[in-house]
2 protein chains.
Amino acid sequence: MSVAIAAGAVCAQLRKDILAGLFAFGGRLKIDELAARYATSHMPIREALRQLQGEGLVTVEPNRGARVRKVDIEFIRDIFDLRVALEGMLARRAAERIDQSQLARLSAIEEKLEASAARKDFTAVLAANQAFHAVINEAAGNVEAIRVLEVHWNLIIALWGRHGYGPDRAAGVISDHRQLIVALRARDADGAVMLASAHAVKAKQEMLRRFEATAGSAKAA
Amino acid sequence: MSVAIAAGAVCAQLRKDILAGLFAFGGRLKIDELAARYATSHMPIREALRQLQGEGLVTVEPNRGARVRKVDIEFIRDIFDLRVALEGMLARRAAERIDQSQLARLSAIEEKLEASAARKDFTAVLAANQAFHAVINEAAGNVEAIRVLEVHWNLIIALWGRHGYGPDRAAGVISDHRQLIVALRARDADGAVMLASAHAVKAKQEMLRRFEATAGSAKAA
DNA sequence: CAGTGGTCTAGACCACACG
DNA sequence: GTGTGGTCTAGACCACTGC
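Residues numbered from 1 in each chain as written. Chains lettered and ligands numbered in written order. Predicted model: local features only at pLDDT ≥ 70, side-chain atom pairs only at ≥ 80, totals over all residues. Heavy atoms only, no water.

*Asks:* For this particular structure, what's the right way to read the pairing of strand S2 (residues 58–61) of chain A?
*Replies:* Residues in a regular strand project their side chains so that they alternate between the two faces of the sheet. Residue and element names in this part refer to chain A. Examined bridge by bridge, S2 and strand S3 (residues 65–68) share 4 bridges and lie antiparallel to one another. Counterpart to Glu61 in the pairing with S3 is Gly65. Counting the residues between successive antiparallel strands, the hairpin from S2 to S3 contains 3 residues, one of them, Asn63, with a positive phi of roughly 65°. (Pairing = 2+ DSSP bridges. Helix = DSSP H or I, 4+ residues; strand = E, 2+ residues; numbered from the N terminus.)

If you want it as structure tokens, here you go:
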């Protein structure tokens with residue numbers, strides 16, 4: 001046996017399943033159903049739901065049950081504004097603290113990202129993109145901000161997956177990244193802030209455009 | 001009877017008790033103990049702890065139990081940097097959207113704050129300060145950012161309570177607030193960002209100074 | 001190889017929605 | 001009412017710690 005800590009495992013798996021689109025945004029999360037799916041009893045499920053509620057991925061109404069967070073256009077605007085603010089701040093700290101090894105990793109990841117883009121493997125591009133930002137966050141070293149941002153990053157990746165992440169978007173990302181690396185290497189904090197913020201603003205605009213285009217088909221199921 | 005939803009009540013009360021200093025930062029949270037204190041059984045306590053974990057106030061190690069989040073100088077720097085970034089962003093959105101009624105409430109709160117400061121009632125000043133920022137957040141209307149900020153605000157207030165919030169700090173707050181109101185009224189978004197950010201940076205510096213001064217007496221118990 | 005304390009299961013209880 | 005489904009209690013089980 002020894003699955004060890006059912007609640008933690010359920011939480012991780014459920015988070016993954018929600019982001020993978022297995023449960024629709026705004027959709028009901030029934031305890032019995034989840035208990036059957038994850039082969040456990042009620043309480044570990046409840047714990048997982050509570051934790052995800054704390055993270056903001058799930059909403060729970062007393063005596064009414066849990067739902068996956070509803071995603072509408074205001075929510076998207078909100079989390080992207082949040083991302084713009086946080087990534088600017090993280091870029092500043094990264095510029096002040098980044099070391100050679102991190103710069104090297106950043107360049108390596110960027111090369112992989114560009115190769116994947118050339119291959120039109122946009123799932124790989126998304127993954128490399130996340131890795132790129134993870135290195136910057138690591139260099140910034142603000143654990144608390146990263147904790148906050150992580151939840152939203154995962155959501156944003158899920159949204160790109162649902163609404164399409166194509167060549168046009170990838171091209172913009174690549175030039176932004178290259179310039180950001182230059183700024184970080186030069187320890188140009190103000191430049192890094194501007195570049196990172198602009199990068200996030202572009203992502204926001206792009207996402208809003210796509211979400212509006214796909215509007216109506218908000219159900220994922 | 002009918003306490004209705006033990007888990008939710010426990011969560012709220014425990015949060016309050018932690019922030020009130022009833023449990024030391026970094027201190028152990030034993031389930032049996034909490035169950036006795038809040039007159040309930042294990043599971044509602046566990047749920048509350050999970051939710052607070054999601055919010056970042058509590059850390060849980062599998063099979064090792066829960067602790068109140070450790071507060072050290074890096075953590076303080078981190079959450080204040082986060083606050084600087086978020087309040088700047090919120091101030092921009094507030095400048096773009098604030099209405100007359102909100103501006104009026106802002107001025108009213110500020111008058112109360114100044115009166116309390118004159119009376120040297122610094123608990124009231126802290127409360128009014130929170131109300132002031134609450135109106136700005138409401139005007140900004142970024143629910144997600146506010147959700148994130150709220151947890152940290154509560155922590156920050158708790159820290160001011162522990163490390164002293166005195167006349168010198170209050171004086172700076174007052175002039176900052178007045179200028180911020182002017183910028184918001186004029187819909188000067190860039191100005192509001194600068195003022196709000198600088199305001200938060202000052203708070204950060206002040207808090208770091210006090211925390212370092214009180215260092216060593218990190219235990220609250 | 002106990003003791004402490006965290007984790008899970010099973011099942012009863014109860015709130016709310018519907019016919 | 002009846003049914004669905006959320007919530008809680010009691011107690012067994014099990015992982016780690018220290019004698």
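*Asks:* Is there a simple way to think about the protein's contact with DNA strand D in this case?
*Replies:* Near DNA strand D lie 20 residues; those nearest to it are Lys30, Arg46 and Asn63 of chain A together with Ala6 and Ser41 of chain B. Within 4 Å of the protein, atoms of DNA strand D come from sugar and phosphate in 77% of cases. One of the side-chain nitrogen or oxygen atoms of Arg28 of chain A is found 3.1 Å away from a phosphate oxygen of DNA strand D. Take His42 of chain A: an N or O atom from its side chain is 3.3 Å from a base oxygen of DNA strand D. Mapped by element, the contributors of at least two residues to the surface near DNA strand D are helix H3 (42–55) of chain A together with helix H1 (6–19) and helix H3 (42–55) of chain B. Looking at side-chain class alone, the surface near DNA strand D contains 8 nonpolar, 7 polar and 5 charged residues. (Near = heavy atom within 4 Å. Polar contact = N/O pair within 3.5 Å; in protein donor to acceptor, adjacent residues only side chain to side chain. Nonpolar A, V, L, I, M, F, W, Y, C, P; charged D, E, K, R; others polar.)

*Asks:* Explanation requested: the relation of the copies chain B and chain A in the structure shown.
*Replies:* Note: a rotation about an axis with an accompanying shift along it relates these two copies of the chain. With an RMSD of 0.1 Å, chain B superimposes on chain A once it is rotated by 180° and translated 0.0 Å along the axis. Here the copies are linked by what is in effect a two-fold axis. A shared binding surface is used by both copies, with 100% of the interface residues of chain B retained as interface residues in chain A. (Least-squares fit on C-alpha atoms with pLDDT ≥ 70 in both. Contact = heavy atoms within 4.5 Å.)

*Asks:* Just to check I follow, could you spell out a positive patch on the surface for this structure?
*Replies:* On the surface, Arg28, Lys30, Arg64 and Arg67 of chain A cluster together into a patch of positive charge. Take Arg64 of chain A: its relative accessible area is 56%, and that puts it in the exposed class. (Patch = residues over 30% accessible without salt bridge, like charges linked within 9 Å, V, L, I, M, F, W, Y side chains within 5 Å. Areas by Shrake-Rupley, 256 points an atom, 1.4 Å probe, with all protein chains shown as cover. Salt bridge = Lys/Arg side-chain N within 4 Å of Asp/Glu carboxyl O. Lys, Arg positive; Asp, Glu negative; His and termini not counted. Charge placed at Lys NZ, Arg CZ, Asp CG, Glu CD. Buried < 20%, exposed > 50% of the residue type's maximum accessible area, 1.4 Å probe, protein only.)

*Asks:* Where do I start with the side chain of Arg169 of chain B in this structure?
*Replies:* All names here are of chain B. Counting through the fold element by element, Arg169 comes out in helix H8 (residues 167–185). For Arg169, which is buried and forms no salt bridge, the nearest opposite charge comes from Glu206, at a distance of 5.5 Å. Here Arg169 is in contact with Trp160, His199, Lys202, Ala203, Glu206 and Arg210, once residues within four sequence places are set aside.

*Asks:* How should the interface of chain B and chain A be read in this particular structure?
*Replies:* It is common to give the size of an interface as the accessible area lost on bringing the parts into contact. Taken together, the contact between chain B and chain A spans 34 residues of the former and 34 residues of the latter. Taking both sides of the interface into account, the surface hidden between chain B and chain A amounts to around 2800 Å²; carbon and sulfur atoms contribute 52%. Considering only the surface of chain B that becomes buried against chain A, Glu47, Arg50 and Glu144 of chain B emerge as the three largest contributors, covering 23% of it. Linking chain B with chain A are 10 salt bridges, by the criterion used here. Counting across the interface, chain B meets chain A through 24 residue pairs in polar contact (both at pLDDT 80 or more). Looking at the side of chain B that touches chain A, the elements that each hand over two or more residues are H1, H3, helix H4 (73–97) and helix H7 (143–163) of chain B. Residue contributions to the side of chain B that touches chain A peak at 11 residues, all from H4 of chain B. (Buried area = accessible area lost by both parts, 1.4 Å probe.)

*Asks:* Help me understand the protein's contact with DNA strand C, please; the structure alone is not making it clear to me.
*Replies:* By nearness alone, 19 residues border DNA strand C, and Ala6 and Ser41 of chain A together with Lys30, Arg46 and Asn63 of chain B come closest of all. Here, DNA strand C places atoms within 4 Å of the protein, and 76% of those atoms are sugar or phosphate. Within the backbone of Ala7 of chain A, a nitrogen or oxygen atom sits 3.3 Å from a phosphate oxygen of DNA strand C. Mapped by element, the contributors of at least two residues to the surface near DNA strand C are helix H1 (6–19) and H3 of chain A together with H3 of chain B.

*Asks:* Help me out: how do you make sense of the sheet that holds S3 of chain A in this one?
*Replies:* Backbone hydrogen bonds hold the strands of a sheet together, and the pairing may be parallel or antiparallel. Residues and elements named next belong to chain A. Sheet architecture is open: 3 strands sit in the order S1-S3-S2, paired in antiparallel fashion. Where the open sheet ends on each side, the last strands, each with one partner, are strand S1 (28–29) and S2. Pairing geometry for S1 and S3, over 2 bridges, is antiparallel. Of the residues in S3, the one forming a bridge with Arg28 is Arg67. Each of S1, S2 and S3 is contacted by H3, which is oriented at about 115° to S2, the strand it contacts most. (Axes fitted to C-alpha atoms, helices over the stretch in contact; angles between N-to-C directions.)

*Asks:* Help me understand the side chain of Glu114 of chain A in this model?
*Replies:* Residues and elements named next belong to chain A. With respect to the helices, strands and loops of the structure, Glu114 is situated in helix H5 (residues 100–118). Only 2.4 Å separates the side chain of Glu114 from the side chain of Arg178, close enough to count as a polar contact. Ignoring any residue separated from it by four or fewer positions in sequence, one finds Glu114 in contact with Ile174 and Arg178.

*Asks:* For this particular structure, what's the right way to read the domain arrangement of chain A?
*Replies:* Residue and element names in this part refer to chain A. What the domain assignment reports for chain A is domain 1 (6–68) and domain 2 (73–213). Here the C-alpha centroids of domain 1 and domain 2 sit 28 Å apart. Each partner contributes to the interface: domain 1 provides 6 residues, whereas domain 2 provides 6 residues. For the pairing of domain 1 and domain 2, the buried interface totals around 560 Å² over both sides, and the portion due to carbon and sulfur atoms is 72%. On the surface where domain 1 and domain 2 come into contact, there are 0 salt bridges. (Domains from an automatic or database assignment.)

*Asks:* Sorry if this is basic, but what is going on with unusual backbone geometry here?
*Replies:* For residues that are not glycine, phi is negative in most cases, and the peptide bond is trans in most cases. Residue and element names in this part refer to chain A. Even without glycine at this site, Arg187 takes up a positive phi of about 55°. For Arg187, the location among the structural elements is in the loop between helix H8 (167–185) and helix H9 (189–213). On the basis of relative accessible area, Arg187 is assigned to the partly exposed category, the value being 43%.

*Asks:* Sorry, what's going on with the packing of helix H5 (residues 100–118) of chain B against H8 of chain B here?
*Replies:* For any two helices packed against each other, one specifies the crossing angle of their axes together with the interaxial distance. Residue and element names in this part refer to chain B. Remark: H5 packs on H8, axes separated minimally by 11 Å, with the N-to-C direction vectors making an angle of 165°. When the axis of H5 is compared with that of H8, the two are roughly antiparallel. Here H5 runs over H8; the crossing is left-handed. Residues Leu103, Leu106, Ser107, Glu110, Leu113, Glu114 and Ala117 of H5 touch H8, and the partners they reach there are Ala170, Ile174, His177, Arg178, Ile181, Leu184 and Arg185. Each residue belonging to the contact of H5 with H8 can be placed in one class, and the counts come to 8 nonpolar, 2 polar and 4 charged. (Parallel < 35°, antiparallel > 145°, perpendicular 65-115°, else oblique. Left-handed = near helix turned anticlockwise from the far one by under 90°.)

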